[in-house]
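Report on the structure
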Amino acid sequence: MNENQLLYTVSIVCFLFMIISFRHNWKLGSVNMILFCLYNSILYYHFIYDSNGGARLVWWFFLLVVSGVHMLVLLIYFVAITIIKDSRKNQDQK
């Protein structure tokens, strides 16, 4: 797998998590989408146009780390929401 394909895959998966987050909470999904578009537009611009003298690796690394952390936070949010819903469902059954 090419290093750019890895970066694009992480960004796409993070974007898909944000689309799913709209289902749970519209406001949180909107904030995540705005934040995602903001940092991706800045970092991808520098990745494509400001890549002389080894700076491309720096922008690639920042994109990978920031998108990965954002994806991890969304994943933790989904797990927490699922656990909370299951615990409420079990309490209602008792």
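In what follows, the structure referred to is the one given above.
What you see is a predicted model, and the numbers here were worked out from it, not measured in a lab.

Here we take up the packing of helix 1 (residues 3-24) against helix 3 (residues 55-93). At a minimum axis separation of 9 Å, helix 1 and helix 3 run at an interaxial angle of 30 degrees. With respect to helix 3, the axis of helix 1 lies roughly parallel. For helix 1 against helix 3, the interelement crossing comes out left-handed. Taken together, the residues of the contact of helix 1 with helix 3 sort by class into 17 nonpolar, seven polar and three charged.

A separate point is the environment of Phe36. Note that Phe36 resides in helix 2 (residues 26-49). Overall, Phe36 belongs to the buried group, its relative accessible area being 7%. Counting along the chain gives 30 residues from Phe36 to Val66, while the straight-line C-alpha distance between them is 9.4 Å. Non-local contacts of Phe36, meaning those with residues more than four positions away in its chain, are made with Ser11, Cys14, Phe15, Met18 and His70.

Okay, the packing of aromatic side chains next. Taken as a whole, this structure holds nine aromatic pairs when the rule is applied. Considering the side-chain rings of Phe17 and Phe78, the 5.9 Å spacing of their centres and the 70 degrees angle between planes classify their relative orientation as edge-to-face. In this pair, Phe17 is assigned in helix 1 and Phe78 in helix 3, connecting sequence segments 61 residues apart. With a centroid separation of 5.8 Å and an interplanar angle of 55 degrees, the aromatic rings of Tyr77 and Phe78 are classed as tilted.

Along the chain, Ser67 falls in helix 3. Here Ser67 is in contact with Val10, Ser11, Cys14, Tyr39 and Asn40, once residues within four sequence places are set aside.

Turning next to helix 3. Between its terminal C-alpha atoms helix 3 stretches 57 Å, which fits the 57 Å expected from 39 residues at 1.5 Å a residue. Taken together, the buried positions of helix 3 are occupied by Trp59, Trp60, Leu63, Leu64, Ser67, His70, Met71, Leu74, Phe78 and Ile81. Considering only its buried residues, helix 3 is in contact with helix 1 and helix 2.

Reading the values: the criteria
Residues numbered from 1 in each chain as written. Predicted model: local features only at pLDDT ≥ 70, side-chain atom pairs only at ≥ 80, totals over all residues. Heavy atoms only, no water. Axes fitted to C-alpha atoms, helices over the stretch in contact; angles between N-to-C directions. Helix = DSSP H or I, 4+ residues; strand = E, 2+ residues; numbered from the N terminus. Parallel < 35°, antiparallel > 145°, perpendicular 65-115°, else oblique. Left-handed = near helix turned anticlockwise from the far one by under 90°. Nonpolar A, V, L, I, M, F, W, Y, C, P; charged D, E, K, R; others polar. Buried < 20%, exposed > 50% of the residue type's maximum accessible area, 1.4 Å probe, protein only. Contact = heavy atoms within 4.5 Å. Phe/Tyr/Trp six-rings, centres within 6.5 Å; stacked < 30°, edge-to-face > 60°. Expected span 1.5 Å × (residues − 1).

Remember, this is a structural readout, not a statement about activity or role.
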